[in-house]
Amino acid sequence: MISLLRARDVCEALNHQLVPKNIEGTRAKLERLVKLGILTEADTGSFTRKQ
């Protein structure tokens, strides 16, 4: 089962306020993990673990 994560979902799980600056910051961190080869971006804005 592939679990897709969105930046908003990660913020919510971490109990961050759901404001644009937090969501965009989280999205940037997730995109950095894609560049490092830890995550993959399945669809625009949807991230998952690299298989």
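Worth saying up front: this structure is predicted, and the values here are computed from it rather than measured. (Residues numbered from 1 in each chain as written. Predicted model: local features only at pLDDT ≥ 70, side-chain atom pairs only at ≥ 80, totals over all residues. Heavy atoms only, no water.)

## Quick look at the confidence of the model for the chain
So the rule is basically this: Values of pLDDT, ranging from 0 to 100, describe the predictor's confidence in every residue of the model. Strands are runs of DSSP state E lasting at least 2 residues, helices are runs of H or I lasting at least 4, and numbering of each runs from the N terminus.
Across the chain, the average pLDDT comes to 91, with 96% of residues at 70 or higher. Ranking the helices and strands of the chain by mean pLDDT puts helix α2 (residues 20-35) first, with 95, and strand β1 (residues 39-43) last, with 89.

## Points about the side chain of Thr48
Rules: For this analysis, a polar contact is any N or O atom pair within 3.5 Å, provided that within protein one partner can donate a hydrogen and the other can accept it, and provided that sequence-adjacent residues contribute only side-chain to side-chain pairs.
Summarising the element assignment, Thr48 is placed in strand β2 (residues 46-49). A distance of 3.2 Å separates the side chain of Thr48 from the backbone oxygen of Ser3, its partner in a polar contact.

## Overview of the pairing of β2
Rules: A pair of strands is labelled paired if DSSP reports no fewer than 2 bridges between them.
The pairing of β1 with β2 spans 4 bridges and is antiparallel. Pairing of Leu39 across the sheet is with Arg49, part of β2. Hairpin connection, β1 to β2: the antiparallel pair is bridged by 2 residues, and Gly45 has positive phi, about 85 degrees.

## Re the side chain of Thr26
Spelled out, the test is: The contact criterion used is simple: two residues touch if any of their non-hydrogen atoms lie within 4.5 Å.
Along the chain, Thr26 falls in helix α2. In this view, Thr26 contacts Ala7, Val10 and Cys11; residues no more than four positions away in its chain are not counted.

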